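Architecture and fold: a report
Next come the chains, spelled out residue by residue.
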Amino acid sequence: GAVVSQHPSRVICKSGTSVKIECRSLDFQATTMFWYRQFPKKSLMLMATSNEGSKATYEQGVEKDKFLINHASLTLSTLTVTSAHPEDSSFYICSASNGRAPEQYFGPGTRLTVT
Amino acid sequence: GEDVEQSLFLSVREGDSSVINCTYTDSSSTYLYWYKQEPGAGLQLLTYIFSNMDMKQDQRLTVLLNKKDKHLSLRIADTQTGDSAIYFCAETPTGTASKLTFGTGTRLQVTL
């Protein structure tokens, strides 16, 4: 299957700082990328849908000014958690689609810990 | 909204078959997926099935879809210890490049 990477895999930051997470499709062009959040032993919760060159579509209850998403190219989307708080600590996972096939490929995830 | 349910836990012995079940409520589901997640890792796409199919087989994996009952299952033949993981079913109403609704996940434990 196709490869999606995320960077960093783990990050620890202090309250009030901002953290950027990158999601890259390595061997295909991703017209659409999705950002999910996963709490321990829970399922994935979709945060937003990101289309290349346009604004992200956020799910209900997700603050767009807090979770900034940029999809500037067909291989890269970024999620920036601004003014992080301990309750933002979570596992963030992205997925990518080429827009033509039904497969969605997931990155390995980023573990964010806010102290 | 859409709802996707799975049993939380399944334990099988190595060499036996595992059957993981999933029920969903969205009658407009177009594609249904099975993903595997190992501890601390992302999701690995195992297989998917189009809603006009009843069955799909891929090596040790068999997916059965009962659209009338909105029931999806994943059978793993000759289960191995490396199959121990959490398995998520997911559905999407429109197919390509559309958001997935995930089930609650089933933890599969394979014992010797």
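The structure we're discussing is the one just above.
Residues numbered from 1 in each chain as written. Chains lettered and ligands numbered in written order. Predicted model: local features only at pLDDT ≥ 70, side-chain atom pairs only at ≥ 80, totals over all residues. Heavy atoms only, no water.

1. Topic: the pattern of salt bridges
Applying the stated criterion across every chain yields a total of six salt bridges over all chains. One salt bridge in this structure joins E22 of chain A and R24 of chain A, with 3.4 Å as the shortest N-O distance. E22 of chain A sits in the partly exposed class, given a relative accessible area of 23%. Across the pair K68 of chain B and D69 of chain B runs a salt bridge, and its minimum N-O distance is 3.7 Å. For K68 of chain B, a relative accessible area of 73% corresponds to the exposed category. Of the residues examined, D69 of chain B reaches a relative accessible area of 48% and is grouped as partly exposed. (Salt bridge = Lys/Arg side-chain N within 4 Å of Asp/Glu carboxyl O. Buried < 20%, exposed > 50% of the residue type's maximum accessible area, 1.4 Å probe, protein only.)

2. Quick notes on the state of the cysteines
Under the counting rule described, the total for this entry stands at two disulfides over all chains. Here C23 of chain A is linked by a disulfide to C94 of chain A, with a sulfur-sulfur distance of 2.0 Å. Its torsion about the S-S bond being 80°, the disulfide of C23 of chain A and C94 of chain A is classed as right-handed. A residue pair is termed long-range when its members are at least 10 positions apart, and C23 of chain A in strand 3 (residues 19–25) and C94 of chain A in strand 9 (residues 90–97) qualify at 71 residues. Paired through a disulfide, C22 of chain B and C89 of chain B show a sulfur-sulfur distance of 2.0 Å. Measuring handedness by torsion sign, the sulfur bridge of C22 of chain B and C89 of chain B sits at about 70° and is right-handed. (Disulfide = S-S within 2.5 Å. Helix = DSSP H or I, 4+ residues; strand = E, 2+ residues; numbered from the N terminus.)

3. Notes on the side chain of T82 of chain A
Here T82 of chain A shows up in the loop between strand 8 (76–81) and strand 9. In this view, T82 of chain A contacts T17, S18, D65, K66 and L68 of chain A; residues no more than four positions away in its chain are not counted. (Contact = heavy atoms within 4.5 Å.)

Function cannot be inferred from these measures alone, as they are strictly geometric.
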